[in-house]
Structure formats: C-alpha cells, structure tokens
Amino acid sequence: MNRTLTAAFPHVYCELDFRDPLELSVATILSAQCTDVRVNQVTPAVFGRYRSAADYAGADRMELEELIRPTGFYRNKANSIIGLGQALVERFDGEVPNRLEDLITLPGFGRKTANVVLGNAFGIPGITVDTHFGRLVRRWGWTAETDPVKVERAVGELIERREWTDLSHRVIFHGRRVCHARKPACGVCVLAADCPSYGVDGPIDPALAAPLVKGPEREHLLELATEIPRPARRRGARGVGVREERT
C-alpha cells in the first residue's frame, strides 16, 4: 500500500508555508483546528512582524491575537506562541531544537507538532499522526489503536524509518484528496484492491466516486485508478456486506 501511495503521490511535501524551523513551529501551532490554506493566508503577516524567538517572546498579545484571529482559538494559540518564544530564548539560545525530547517540552508542542518540525525542517524521520493519518491507518487495518502515540509506534514497526516523513505526507494527502471521512471515493481509489474497508462508506461506482476526488493531483489519481483492478464486492472492515452500486 505504501508503494501504491508512492506512485499516486510521487512528490509530497508539507502544505504549510515556512522558511525555517521557527516559522514551521508557529505555522503548525496555528494549524490546530484550522486548514493549512487558512494558515498560509495568515502567516505572511505574522512572519513579517515577528522574525525571531525574541520577537515572539516580547510580542504584544493583543496585536498577535488580531493577526492570528482567522485561524480560530486565537487566544490559546497566542499563549502557546508567546510561550514558545520565551522558552526558546530562555532554554535554547533562541533556536528551535532538533531533538524530539526537547521539542515536546515546548509550549504548543506535542509529538505530532514535534514530528512535523523534525521531518520537514530538520530532515529527521518522524510519523505525524494527525486526524487524517489516524483514521486512514485504522480504516486500512494497519492498527486498531486510537491513541496517537500508540498509532505512531504501531505504524513505525511496519514501515522503514527513512520512509516515515514521506509516508505521513502520502497518507495525509490521500485522506484530504480521496479517502474522505464521510464519503471516500472508493470507486477510484488506487488502494481499493488492498483496502479492507473498500465500499463500506463510499461509492464503488467510478462515475459516482470520481467527483469526490480533490486536489492538484486529481487527473493523475483518476488515470492511475483506471490501471489498478478494483474488487467488485467485499465484506468491509465492519463486517458489512457491500453491494454493487447501480447507476
């Protein structure tokens, strides 16, 4: 399945805009309960106003809150960002550390944020268990765990460490573009032949599934799907018999 995802998404990347570890740290904090698109609309003004950890540490709270308000939960996020700046100045000479054990001690950081920064700013492999990643690996039967740390460890045992960062992007890309939470595009999914949840929640008729595919890779994904055999019927992961869709 990882090899198939590699063919589907040969070029994967962090969809948050950033130029250095500090910018990625702030952008990732802002991305909580917010789309990457919205965050990328907000961060140019933020990054233009605050250029260092010291700038964030000494930020005027009301000014920062106003800049990040469109991302939601802006008061809590402002607290985290100001606290992040202060912690970096006080404990790490104003630089974002490149060790997981240090990152998870910072305000606004958990393992997910730490792995995003490690993988994309420092090139250190990490598995990012966000909402998309967790639900897809459970839908695929890779693990039944729901705790993000346990999911990270379970998937880490299945995939080579050097693949972890790109795997995270591939799974997240697939979740955003094809395998949607409420109505996945099963009928044009490149993983259909290997997915135990094929047809459980989404249409298996390609004509009904194709309009559900999103993103810049849409044409490539639809073309690739025609080359991969799809099962006509399968008992889903929930033990539900799946019937052919009728047009």
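Residues numbered from 1 in each chain as written. Predicted model: local features only at pLDDT ≥ 70, side-chain atom pairs only at ≥ 80, totals over all residues. Heavy atoms only, no water.

### What to know about the side chain of Glu15
Its place among the elements puts Glu15 in the loop between helix H1 (2-8) and helix H2 (21-30). Here the side chain of Glu15 touches Arg176 through a polar contact of 2.5 Å, side chain to side chain. With residues up to four places along the chain from it excluded, the contact list for Glu15 reads Asp36, Asn40, Phe173, Arg176 and Arg177. (Helix = DSSP H or I, 4+ residues; strand = E, 2+ residues; numbered from the N terminus. Polar contact = N/O pair within 3.5 Å; in protein donor to acceptor, adjacent residues only side chain to side chain. Contact = heavy atoms within 4.5 Å.)

### What to know about the pattern of salt bridges
Going through the model one piece at a time under the given rule, you end up with 15 salt bridges. Across the pair Glu63 and Arg49 runs a salt bridge, and its minimum N-O distance is 2.9 Å. With Glu63 in helix H5 (residues 61-68) and Arg49 in helix H3 (residues 36-49), the pair connects residues that are 14 residues apart, well separated along the chain. Owing to a relative accessible area of 30%, Glu63 belongs among the partly exposed residues under this scheme. (Salt bridge = Lys/Arg side-chain N within 4 Å of Asp/Glu carboxyl O. Buried < 20%, exposed > 50% of the residue type's maximum accessible area, 1.4 Å probe, protein only.)

### Quick notes on the layout of surface pockets
Of the pockets and cavities examined, the largest pocket occupies roughly 840 Å³. Looking at the lining of the largest pocket, the elements that each hand over two or more residues are H3, helix H8 (111-121), helix H9 (131-139) and helix H11 (164-177). A breakdown of the residues in the lining of the largest pocket according to their chemical character gives 10 nonpolar, 18 polar and 8 charged. Taken as a whole, the second largest pocket encloses approximately 160 Å³ of empty space. In this structure, the second largest pocket is lined by Thr28, Ile29, Ala32, Lys77, Ser80, Gly108, Gly110, Lys112 and Thr113. At the level of elements, H2, helix H6 (74-91) and H8 are the ones that each hand at least two residues to the lining of the second largest pocket. A class-by-class count of the residues in the lining of the second largest pocket yields 2 nonpolar, 5 polar and 2 charged. (1 Å grid on protein atoms, 1.4 Å probe; cavity = no way out; pocket = protein on both sides within 12 Å on 5 of 7 lines; lining within 4 Å. Points joined across faces, edges and corners; volume = space filled by probe spheres on them. Nonpolar A, V, L, I, M, F, W, Y, C, P; charged D, E, K, R; others polar.)

### Here we look at empty space enclosed by the protein
Empty pockets left among the atoms are what a rolling probe the size of a water molecule brings to light. Across all of its chains, the model carries 1 cavity of 30 Å³ or more by this definition. Empty space within the largest cavity amounts to approximately 100 Å³. Cys179, Pro184, Cys186, Cys189 and Cys195 are, among the 16 residues lining the largest cavity, the residues nearest its centre. Counted by class, the lining of the largest cavity contains 12 nonpolar, 2 polar and 2 charged residues.

### Quick look at the packing of H2 against H8
At a minimum axis distance of 10 Å, the contact between H2 and H8 shows a crossing angle of 145°. The element H2 and its partner H8 pack so that their crossing is right-handed. Contacts from Pro21, Leu24, Ser25 and Thr28 in H2 reach Thr113, Val116, Val117, Asn120 and Ala121 in H8. Among the residues making up the contact of H2 with H8, the classes are represented as 5 nonpolar, 4 polar and no charged. (Axes fitted to C-alpha atoms, helices over the stretch in contact; angles between N-to-C directions. Left-handed = near helix turned anticlockwise from the far one by under 90°.)

### Notes on the packing of H2 against H3
As a packed pair, H2 and H3 sit with axes 10 Å apart at the nearest point and diverge in direction by 135°. The angle between H2 and H3 falls in the class oblique. The two elements H2 and H3 meet at a crossing, and its hand is right-handed. In contact with Glu23, Val26, Ala27 and Leu30 of H2, H3 contributes Val39, Thr43, Val46 and Phe47. Looking at the contact of H2 with H3 residue by residue, the classes come out as 6 nonpolar, 1 polar and 1 charged. (Parallel < 35°, antiparallel > 145°, perpendicular 65-115°, else oblique.)

### Examining H3
Taking 1.5 Å of rise per residue, 14 residues should cover 20 Å, and H3 covers 20 Å from first to last C-alpha, within 8% of that figure. The largest bend in H3 is about 35°, located at Thr43, with the proline Pro44 one to four residues further on. Of the residues making up H3, those classed as buried are Asp36, Val39, Asn40, Val42, Thr43, Val46 and Phe47. Check the buried side of H3 and you find it contacts H2, helix H4 (53-57), H5 and H11. (Expected span 1.5 Å × (residues − 1). Bend = angle between axes of the 7 residues up to and from the residue.)

### Comments concerning the confidence of the model for the chain
Of all residues in the chain, 94% have pLDDT values of 70 or greater, and the mean over the chain is 92. Low confidence marks residues 235-247, where pLDDT is under 50. Its contacts with residues over four positions away, or in another chain, come to 27 contacts. (pLDDT = per-residue confidence, 0-100.)

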